[in-house]
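Chains, contacts and geometry: an overview
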Amino acid sequence: MGANLIDGKAIAAQIKDEVRQEVSALKVQGSSVTLAVILVGDDPASAVYVRNKKKACEAVGIESVSIELPADTTQEELLERIASLNAREDVDGILVQLPLPRQIDERAVIDAIDPAKDVDGFHPVNVGLLAIGEPAVVSCTPAGVIELLTRSGVEIEGKEAVVIGRSNIVGKPMAHLLLQRHATVTIAHSRTKNLREVIRRADIVVAAVGKPRMIGASDIKEGAVVIDVGINRDMETGKLCGDVDFDSVAPHCSAITPVPGGVGPMTIAMLMRNCCELAKKRNPPAEK
Ligand code: NDP
(Lines give C-alpha, C1' and ligand atoms only; values in the text may rest on other atoms or scores of the structure.)
Protein backbone atom coordinates (compact mmCIF):
# COMPACT_ATOMS: atom_id res chain seq x y z
CA MET A 1 0.00 0.00 0.00
CA GLY A 2 1.23 3.52 -0.81
CA ALA A 3 2.54 5.72 1.97
CA ASN A 4 -0.42 8.06 1.73
CA LEU A 5 -3.08 5.36 1.82
CA ILE A 6 -5.38 5.30 4.84
CA ASP A 7 -5.99 1.62 5.59
CA GLY A 8 -9.57 1.39 6.81
CA LYS A 9 -9.40 -2.37 7.23
CA ALA A 10 -6.46 -2.14 9.61
CA ILE A 11 -7.95 0.73 11.63
CA ALA A 12 -11.34 -1.02 11.81
CA ALA A 13 -9.59 -4.17 13.06
CA GLN A 14 -7.86 -2.11 15.75
CA ILE A 15 -11.19 -0.63 16.90
CA LYS A 16 -12.85 -4.04 16.95
CA ASP A 17 -9.97 -5.31 19.09
CA GLU A 18 -10.51 -2.48 21.53
CA VAL A 19 -14.24 -3.24 21.65
CA ARG A 20 -13.53 -6.95 22.18
CA GLN A 21 -11.42 -6.08 25.21
CA GLU A 22 -14.08 -3.77 26.63
CA VAL A 23 -16.79 -6.35 26.11
CA SER A 24 -14.78 -8.99 27.92
CA ALA A 25 -14.04 -6.57 30.77
CA LEU A 26 -17.80 -5.99 31.08
CA LYS A 27 -18.36 -9.76 31.11
CA VAL A 28 -15.94 -10.11 34.00
CA GLN A 29 -18.17 -7.67 35.88
CA GLY A 30 -21.19 -9.76 35.02
CA SER A 31 -22.68 -7.56 32.28
CA SER A 32 -23.10 -8.65 28.70
CA VAL A 33 -23.56 -6.42 25.64
CA THR A 34 -26.52 -7.14 23.36
CA LEU A 35 -27.51 -5.71 20.00
CA ALA A 36 -30.99 -6.31 18.60
CA VAL A 37 -31.21 -6.20 14.82
CA ILE A 38 -34.55 -5.95 13.03
CA LEU A 39 -34.80 -6.84 9.36
CA VAL A 40 -38.11 -6.33 7.58
CA GLY A 41 -38.66 -8.00 4.20
CA ASP A 42 -36.28 -9.88 1.96
CA ASP A 43 -34.12 -7.25 0.26
CA PRO A 44 -30.93 -9.22 -0.53
CA ALA A 45 -28.55 -6.29 0.10
CA SER A 46 -30.14 -5.64 3.51
CA ALA A 47 -29.87 -9.34 4.36
CA VAL A 48 -26.13 -9.22 3.60
CA TYR A 49 -25.66 -6.10 5.77
CA VAL A 50 -27.53 -7.71 8.65
CA ARG A 51 -25.52 -10.92 8.33
CA ASN A 52 -22.27 -8.93 8.40
CA LYS A 53 -23.40 -7.01 11.48
CA LYS A 54 -24.24 -10.24 13.28
CA LYS A 55 -20.85 -11.71 12.32
CA ALA A 56 -19.09 -8.62 13.64
CA CYS A 57 -21.02 -8.93 16.92
CA GLU A 58 -19.88 -12.52 17.25
CA ALA A 59 -16.27 -11.56 16.57
CA VAL A 60 -16.19 -8.98 19.40
CA GLY A 61 -18.31 -10.94 21.88
CA ILE A 62 -21.51 -8.88 21.55
CA GLU A 63 -24.67 -10.97 21.80
CA SER A 64 -27.13 -10.42 18.99
CA VAL A 65 -30.88 -10.75 19.00
CA SER A 66 -32.19 -11.17 15.50
CA ILE A 67 -35.75 -10.28 14.52
CA GLU A 68 -36.75 -11.04 10.95
CA LEU A 69 -40.19 -9.85 9.89
CA PRO A 70 -42.07 -10.43 6.63
CA ALA A 71 -42.25 -7.73 3.92
CA ASP A 72 -45.94 -7.09 4.67
CA THR A 73 -45.32 -6.20 8.33
CA THR A 74 -47.40 -3.18 9.30
CA GLN A 75 -45.95 -0.08 10.88
CA GLU A 76 -47.93 -0.81 14.03
CA GLU A 77 -46.44 -4.29 14.32
CA LEU A 78 -42.93 -2.94 13.87
CA LEU A 79 -43.49 -0.18 16.44
CA GLU A 80 -44.73 -2.82 18.92
CA ARG A 81 -41.55 -4.85 18.38
CA ILE A 82 -39.46 -1.76 19.02
CA ALA A 83 -41.42 -0.93 22.16
CA SER A 84 -40.78 -4.38 23.54
CA LEU A 85 -37.04 -4.14 22.75
CA ASN A 86 -36.97 -0.70 24.41
CA ALA A 87 -38.39 -2.34 27.53
CA ARG A 88 -36.01 -5.31 27.57
CA GLU A 89 -33.35 -4.97 30.24
CA ASP A 90 -30.96 -7.26 28.37
CA VAL A 91 -30.97 -5.24 25.11
CA ASP A 92 -28.41 -2.41 24.88
CA GLY A 93 -28.67 -1.37 21.24
CA ILE A 94 -31.50 -1.51 18.68
CA LEU A 95 -30.89 -1.34 14.96
CA VAL A 96 -33.58 -1.35 12.31
CA GLN A 97 -32.05 -2.12 8.93
CA LEU A 98 -33.05 0.50 6.35
CA PRO A 99 -34.63 0.87 3.87
CA LEU A 100 -38.03 -0.32 5.09
CA PRO A 101 -40.94 -1.50 2.92
CA ARG A 102 -43.11 1.29 1.52
CA GLN A 103 -45.99 0.93 3.96
CA ILE A 104 -43.71 1.83 6.89
CA ASP A 105 -42.68 5.39 7.73
CA GLU A 106 -38.96 5.33 8.48
CA ARG A 107 -39.10 8.51 10.51
CA ALA A 108 -41.78 7.08 12.84
CA VAL A 109 -39.67 3.96 13.33
CA ILE A 110 -36.48 5.85 14.12
CA ASP A 111 -38.38 8.13 16.51
CA ALA A 112 -39.75 5.08 18.35
CA ILE A 113 -36.32 3.75 19.33
CA ASP A 114 -35.25 4.69 22.87
CA PRO A 115 -32.45 7.28 22.32
CA ALA A 116 -30.42 5.42 24.96
CA LYS A 117 -30.53 2.31 22.71
CA ASP A 118 -30.24 4.14 19.37
CA VAL A 119 -27.05 2.43 18.24
CA ASP A 120 -27.15 4.07 14.77
CA GLY A 121 -27.43 7.59 16.20
CA PHE A 122 -30.39 8.44 13.93
CA HIS A 123 -32.88 9.47 16.67
CA PRO A 124 -33.58 13.23 16.75
CA VAL A 125 -32.41 13.40 20.37
CA ASN A 126 -28.97 12.10 19.40
CA VAL A 127 -28.88 14.25 16.26
CA GLY A 128 -29.76 17.29 18.39
CA LEU A 129 -27.13 16.47 21.01
CA LEU A 130 -24.52 16.19 18.26
CA ALA A 131 -25.62 19.54 16.81
CA ILE A 132 -25.20 21.33 20.16
CA GLY A 133 -21.89 19.60 20.84
CA GLU A 134 -23.03 17.38 23.71
CA PRO A 135 -22.14 13.69 24.08
CA ALA A 136 -24.35 11.75 21.66
CA VAL A 137 -24.56 8.47 19.84
CA VAL A 138 -23.15 9.44 16.45
CA SER A 139 -23.99 7.91 13.09
CA CYS A 140 -21.42 5.17 12.47
CA THR A 141 -20.04 6.18 9.06
CA PRO A 142 -19.11 9.80 9.87
CA ALA A 143 -17.86 8.72 13.32
CA GLY A 144 -15.67 6.22 11.46
CA VAL A 145 -14.31 8.95 9.19
CA ILE A 146 -13.19 10.94 12.24
CA GLU A 147 -11.41 7.85 13.59
CA LEU A 148 -9.68 7.36 10.22
CA LEU A 149 -8.48 10.95 10.27
CA THR A 150 -7.33 11.07 13.89
CA ARG A 151 -5.69 7.64 13.90
CA SER A 152 -3.82 8.56 10.70
CA GLY A 153 -2.47 11.69 12.36
CA VAL A 154 -4.44 14.14 10.20
CA GLU A 155 -4.83 17.45 11.97
CA ILE A 156 -8.39 18.81 11.70
CA GLU A 157 -8.29 22.02 13.72
CA GLY A 158 -8.19 25.15 11.58
CA LYS A 159 -8.39 23.19 8.31
CA GLU A 160 -10.77 23.92 5.44
CA ALA A 161 -13.04 20.88 5.23
CA VAL A 162 -15.51 20.33 2.42
CA VAL A 163 -18.17 17.66 2.87
CA ILE A 164 -19.94 16.77 -0.37
CA GLY A 165 -23.40 15.40 0.43
CA ARG A 166 -25.91 16.49 3.07
CA SER A 167 -27.74 13.30 4.02
CA ASN A 168 -28.86 12.79 7.62
CA ILE A 169 -26.81 9.61 7.80
CA VAL A 170 -23.48 10.85 6.44
CA GLY A 171 -23.10 14.45 5.24
CA LYS A 172 -24.77 16.43 8.04
CA PRO A 173 -23.34 14.52 11.02
CA MET A 174 -19.95 14.54 9.25
CA ALA A 175 -20.05 18.33 9.06
CA HIS A 176 -20.96 18.61 12.77
CA LEU A 177 -18.13 16.31 13.78
CA LEU A 178 -15.58 18.28 11.77
CA LEU A 179 -16.93 21.53 13.19
CA GLN A 180 -16.61 20.14 16.73
CA ARG A 181 -12.96 19.50 15.95
CA HIS A 182 -12.57 23.11 14.83
CA ALA A 183 -12.40 22.72 11.07
CA THR A 184 -13.89 25.44 8.87
CA VAL A 185 -16.65 23.42 7.27
CA THR A 186 -18.47 23.78 3.98
CA ILE A 187 -21.28 21.41 3.05
CA ALA A 188 -21.73 21.02 -0.70
CA HIS A 189 -24.67 19.30 -2.40
CA SER A 190 -26.44 18.97 -5.72
CA ARG A 191 -27.38 22.67 -5.83
CA THR A 192 -23.91 23.96 -4.97
CA LYS A 193 -22.63 26.42 -7.57
CA ASN A 194 -19.03 26.04 -8.76
CA LEU A 195 -18.67 22.76 -6.88
CA ARG A 196 -15.22 22.07 -8.29
CA GLU A 197 -13.88 25.40 -7.04
CA VAL A 198 -15.38 24.75 -3.62
CA ILE A 199 -13.68 21.33 -3.44
CA ARG A 200 -10.37 22.83 -4.54
CA ARG A 201 -10.34 25.05 -1.44
CA ALA A 202 -10.37 22.03 0.87
CA ASP A 203 -7.54 20.68 2.97
CA ILE A 204 -9.87 17.81 3.87
CA VAL A 205 -12.45 16.52 1.38
CA VAL A 206 -15.14 14.06 2.44
CA ALA A 207 -17.10 12.78 -0.55
CA ALA A 208 -20.48 11.22 0.29
CA VAL A 209 -22.46 11.53 -2.91
CA GLY A 210 -22.93 8.16 -4.58
CA LYS A 211 -21.66 9.11 -8.07
CA PRO A 212 -18.88 6.88 -9.42
CA ARG A 213 -15.54 8.73 -9.71
CA MET A 214 -17.14 12.19 -9.95
CA ILE A 215 -14.11 13.81 -8.30
CA GLY A 216 -10.96 13.92 -10.38
CA ALA A 217 -7.39 15.11 -9.95
CA SER A 218 -8.12 18.63 -11.19
CA ASP A 219 -10.73 19.10 -8.41
CA ILE A 220 -8.31 18.51 -5.56
CA LYS A 221 -5.83 20.91 -3.99
CA GLU A 222 -2.30 19.52 -4.02
CA GLY A 223 -1.66 17.78 -0.68
CA ALA A 224 -5.29 17.53 0.41
CA VAL A 225 -6.63 14.65 2.50
CA VAL A 226 -9.40 12.82 0.64
CA ILE A 227 -11.93 10.58 2.34
CA ASP A 228 -14.17 8.68 -0.04
CA VAL A 229 -17.43 7.50 1.55
CA GLY A 230 -19.09 6.63 -1.76
CA ILE A 231 -19.81 3.02 -2.58
CA ASN A 232 -20.76 2.62 -6.20
CA ARG A 233 -20.80 -0.15 -8.74
CA ASP A 234 -18.68 0.58 -11.80
CA MET A 235 -21.00 -0.22 -14.70
CA GLU A 236 -18.17 -1.27 -17.01
CA THR A 237 -16.11 -3.52 -14.74
CA GLY A 238 -18.83 -4.46 -12.25
CA LYS A 239 -16.38 -3.65 -9.44
CA LEU A 240 -16.97 -1.36 -6.46
CA CYS A 241 -15.66 2.18 -6.74
CA GLY A 242 -15.91 5.40 -4.80
CA ASP A 243 -16.96 8.95 -5.62
CA VAL A 244 -13.29 9.79 -6.18
CA ASP A 245 -11.25 8.73 -9.19
CA PHE A 246 -8.66 7.08 -6.95
CA ASP A 247 -5.93 6.42 -9.53
CA SER A 248 -5.73 9.99 -10.77
CA VAL A 249 -6.35 11.69 -7.39
CA ALA A 250 -4.07 9.61 -5.12
CA PRO A 251 -0.74 11.01 -6.40
CA HIS A 252 -1.90 14.53 -5.46
CA CYS A 253 -3.08 13.78 -1.91
CA SER A 254 -1.25 13.67 1.37
CA ALA A 255 -3.67 10.90 2.41
CA ILE A 256 -6.57 9.10 0.76
CA THR A 257 -8.96 6.23 1.51
CA PRO A 258 -9.48 3.47 -1.07
CA VAL A 259 -12.84 1.92 -2.01
CA PRO A 260 -13.22 -0.81 -0.92
CA GLY A 261 -11.10 -0.99 2.23
CA GLY A 262 -11.39 2.61 3.42
CA VAL A 263 -14.51 3.98 5.11
CA GLY A 264 -16.58 0.81 4.51
CA PRO A 265 -15.03 -1.39 7.21
CA MET A 266 -15.18 1.48 9.70
CA THR A 267 -18.98 1.64 9.71
CA ILE A 268 -19.42 -1.78 11.29
CA ALA A 269 -16.50 -1.25 13.68
CA MET A 270 -18.15 1.96 14.91
CA LEU A 271 -21.48 0.17 15.25
CA MET A 272 -19.80 -2.29 17.59
CA ARG A 273 -18.23 0.56 19.52
CA ASN A 274 -21.51 2.45 19.78
CA CYS A 275 -23.21 -0.66 21.13
CA CYS A 276 -20.49 -1.21 23.71
CA GLU A 277 -20.68 2.45 24.79
CA LEU A 278 -24.47 2.23 25.19
CA ALA A 279 -24.06 -0.89 27.35
CA LYS A 280 -21.48 0.87 29.50
CA LYS A 281 -23.84 3.81 30.03
CA ARG A 282 -26.67 1.50 30.99
CA ASN A 283 -24.44 -0.57 33.31
CA PRO A 284 -21.75 1.79 34.56
CA PRO A 285 -18.69 -0.02 35.93
CA ALA A 286 -18.81 -0.44 39.71
CA GLU A 287 -16.75 2.12 41.70
CA LYS A 288 -13.42 0.67 42.73
P1 NDP B 1 -27.78 10.25 -0.26
O2 NDP B 1 -28.23 9.84 -1.62
O3 NDP B 1 -28.74 10.26 0.87
O4 NDP B 1 -27.11 11.69 -0.35
C5 NDP B 1 -26.29 12.04 -1.42
C6 NDP B 1 -25.93 13.50 -1.30
O7 NDP B 1 -25.11 13.84 -2.42
C8 NDP B 1 -27.12 14.43 -1.30
O9 NDP B 1 -26.97 15.40 -0.30
C10 NDP B 1 -27.07 15.07 -2.70
O11 NDP B 1 -27.48 16.43 -2.74
C12 NDP B 1 -25.58 15.04 -2.99
N13 NDP B 1 -25.36 15.03 -4.43
C14 NDP B 1 -25.96 14.27 -5.37
N15 NDP B 1 -25.48 14.56 -6.59
C16 NDP B 1 -24.56 15.52 -6.43
C17 NDP B 1 -23.73 16.24 -7.31
N18 NDP B 1 -23.73 16.00 -8.61
N19 NDP B 1 -22.92 17.18 -6.79
C20 NDP B 1 -22.88 17.42 -5.47
N21 NDP B 1 -23.64 16.76 -4.57
C22 NDP B 1 -24.47 15.82 -5.05
O23 NDP B 1 -26.56 9.29 0.06
P24 NDP B 1 -25.85 8.87 1.45
O25 NDP B 1 -25.37 10.06 2.17
O26 NDP B 1 -26.68 7.87 2.15
O27 NDP B 1 -24.60 8.07 0.84
C28 NDP B 1 -23.65 8.69 0.02
C29 NDP B 1 -22.70 7.65 -0.54
O30 NDP B 1 -22.02 7.01 0.53
C31 NDP B 1 -23.37 6.49 -1.31
O32 NDP B 1 -22.50 6.06 -2.32
C33 NDP B 1 -23.51 5.41 -0.28
O34 NDP B 1 -23.53 4.12 -0.86
C35 NDP B 1 -22.25 5.62 0.52
N36 NDP B 1 -22.34 5.17 1.90
C37 NDP B 1 -21.29 4.45 2.36
C38 NDP B 1 -21.27 4.01 3.64
C39 NDP B 1 -20.08 3.26 4.11
O40 NDP B 1 -20.16 2.51 5.05
N41 NDP B 1 -18.90 3.48 3.51
C42 NDP B 1 -22.39 4.22 4.56
C43 NDP B 1 -23.42 5.09 4.02
C44 NDP B 1 -23.38 5.52 2.72
P45 NDP B 1 -29.01 16.89 -2.47
O46 NDP B 1 -29.19 16.83 -0.98
O47 NDP B 1 -29.03 18.27 -3.00
O48 NDP B 1 -29.87 15.92 -3.20
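Since we're looking at a predicted model, the values are computed, not measured.

1. Details of helix 7 (residues 171-180)
Where helix 7 is concerned, the buried positions are Gly171, Pro173, Met174, Ala175, Leu177 and Leu178. Phi turns positive one or two residues past the end of helix 7, at histidine 182, with a value near 70 degrees.

2. Considerations on the sheet that holds strand 5 (residues 184-188)
Across the sheet, which stays open at both edges, the 5 strands sit in the order 5-4-6-7-10 with parallel pairing between neighbours. Where the open sheet ends on each side, the last strands, each with one partner, are strand 5 and strand 10 (253-256). Across this sheet, the average inter-strand angle for adjacent strands is 15 degrees, counted without regard to direction. Bridging between strand 6 (residues 204-207) and strand 7 (residues 224-228) involves 4 bridges; their strand directions are parallel. Looking at strand 7, one finds that alanine 207 is bridged to aspartate 228.

3. Things to note about the environment of arginine 20
Positionally, arginine 20 belongs in helix 1 (residues 8-28). By relative accessible area, which is 35% here, arginine 20 ends up partly exposed. A C-alpha to C-alpha distance of 7.8 Å links arginine 20 and alanine 59, two positions 39 residues apart in sequence. Discounting residues that sit within four places of it in the chain, arginine 20 has contacts with Ala59 and Val60.

4. Some points on the packing of helix 6 (residues 140-151) against helix 7
One way to put it is that helix 6 packs onto helix 7 with a least axis distance of 8 Å and a crossing angle of 40 degrees. In terms of orientation, helix 6 lies oblique with respect to helix 7. For the pair helix 6 and helix 7, the sense of crossing is right-handed. Contact residues: Pro142, Ala143, Val145, Ile146 and Leu149 in helix 6; Pro173, Met174, Leu177 and Leu178 in helix 7. Looking at the contact of helix 6 with helix 7 residue by residue, the classes come out as 9 nonpolar, no polar and no charged.

5. Details of the nonpolar core
Counting residues in hydrophobic clusters, the biggest one holds 55 residues, and the most contacted among them are Leu35, Ile62, Leu149, Leu178, Val206, Ile227 and Met272. Examining the composition of this core, we find that 10 residues originate from one element, helix 10 (residues 264-282), more than from any other. Non-local contacts of leucine 149, meaning those with residues more than four positions away in its chain, are made with Val154, Ile156, Leu178, Ile204, Val225 and Ile227. By size, the runner-up hydrophobic cluster in this structure holds 19 residues, among which are Val162, Leu195, Ile199 and Ile256.

6. Looking at the sheet that holds strand 1 (residues 34-40)
Note: strands within a sheet are paired through backbone hydrogen bonds, in either parallel or antiparallel orientation. Read across the open sheet, the 3 strands follow the order 2-1-3; overall the sheet is parallel. The strands lining the two open edges of the sheet, one partner per strand, are strand 2 (63-69) and strand 3 (93-96). When the angles between neighbouring strand axes are averaged without regard to direction, this sheet yields 15 degrees. As judged from the 7 bridges shared by strand 1 and strand 2, these two strands associate in the parallel manner. Its bridge partner being in strand 2, alanine 36 is matched across the sheet by valine 65. Against the sheet, helix 3 (residues 75-87) touches strand 1, strand 2 and strand 3, its axis set at about 175 degrees to strand 1.

7. What to know about the domain arrangement of the chain
Structurally, the chain comprises domain 1 (29-129) and domain 2 (140-264). Inter-centroid distance (C-alpha atoms) of domain 1 to domain 2 is 28 Å.

8. Here's the deal with the site of the ligand
Surrounding the ligand, one finds 21 residues, the nearest of these being Arg166, Ser167, Ser190, Ile231 and Thr267. Within the side chain of serine 167, an N or O atom sits 2.5 Å from an oxygen atom of the ligand. Contacts to the ligand include isoleucine 231, whose backbone N or O atom sits 3.1 Å from an oxygen atom. Residues that form the shell around the ligand fall into these classes: 9 nonpolar, 10 polar and 2 charged.

9. Here we look at the environment of arginine 88
The residue arginine 88 is located in the loop between helix 3 and strand 3 in this model. In this structure arginine 88 comes out as partly exposed when scored by relative accessible area, which is 32%. Excluding residues that lie within four positions of it along the chain, arginine 88 makes contacts with Val65, Lys117 and Arg282.

10. Some thoughts on a negative patch on the surface
Judged by side-chain charge, Asp72, Glu76, Glu77 and Glu80 come together as a negatively charged surface patch. Along the chain, glutamate 77 falls in helix 3. The class of glutamate 77 is partly exposed, set by a relative accessible area of 41%.

Conventions and cut-offs
Residues numbered from 1 in each chain as written. Predicted model: local features only at pLDDT ≥ 70, side-chain atom pairs only at ≥ 80, totals over all residues. Heavy atoms only, no water. Buried < 20%, exposed > 50% of the residue type's maximum accessible area, 1.4 Å probe, protein only. Helix = DSSP H or I, 4+ residues; strand = E, 2+ residues; numbered from the N terminus. Pairing = 2+ DSSP bridges. Axes fitted to C-alpha atoms, helices over the stretch in contact; angles between N-to-C directions. Contact = heavy atoms within 4.5 Å. Parallel < 35°, antiparallel > 145°, perpendicular 65-115°, else oblique. Left-handed = near helix turned anticlockwise from the far one by under 90°. Nonpolar A, V, L, I, M, F, W, Y, C, P; charged D, E, K, R; others polar. Core = buried A, V, L, I, M, F, W, Y, C linked by side-chain atoms within 4.5 Å. Domains from an automatic or database assignment. Near = heavy atom within 4 Å. Polar contact = N/O pair within 3.5 Å; in protein donor to acceptor, adjacent residues only side chain to side chain. Patch = residues over 30% accessible without salt bridge, like charges linked within 9 Å, V, L, I, M, F, W, Y side chains within 5 Å. Areas by Shrake-Rupley, 256 points an atom, 1.4 Å probe, with all protein chains shown as cover. Salt bridge = Lys/Arg side-chain N within 4 Å of Asp/Glu carboxyl O. Lys, Arg positive; Asp, Glu negative; His and termini not counted. Charge placed at Lys NZ, Arg CZ, Asp CG, Glu CD.

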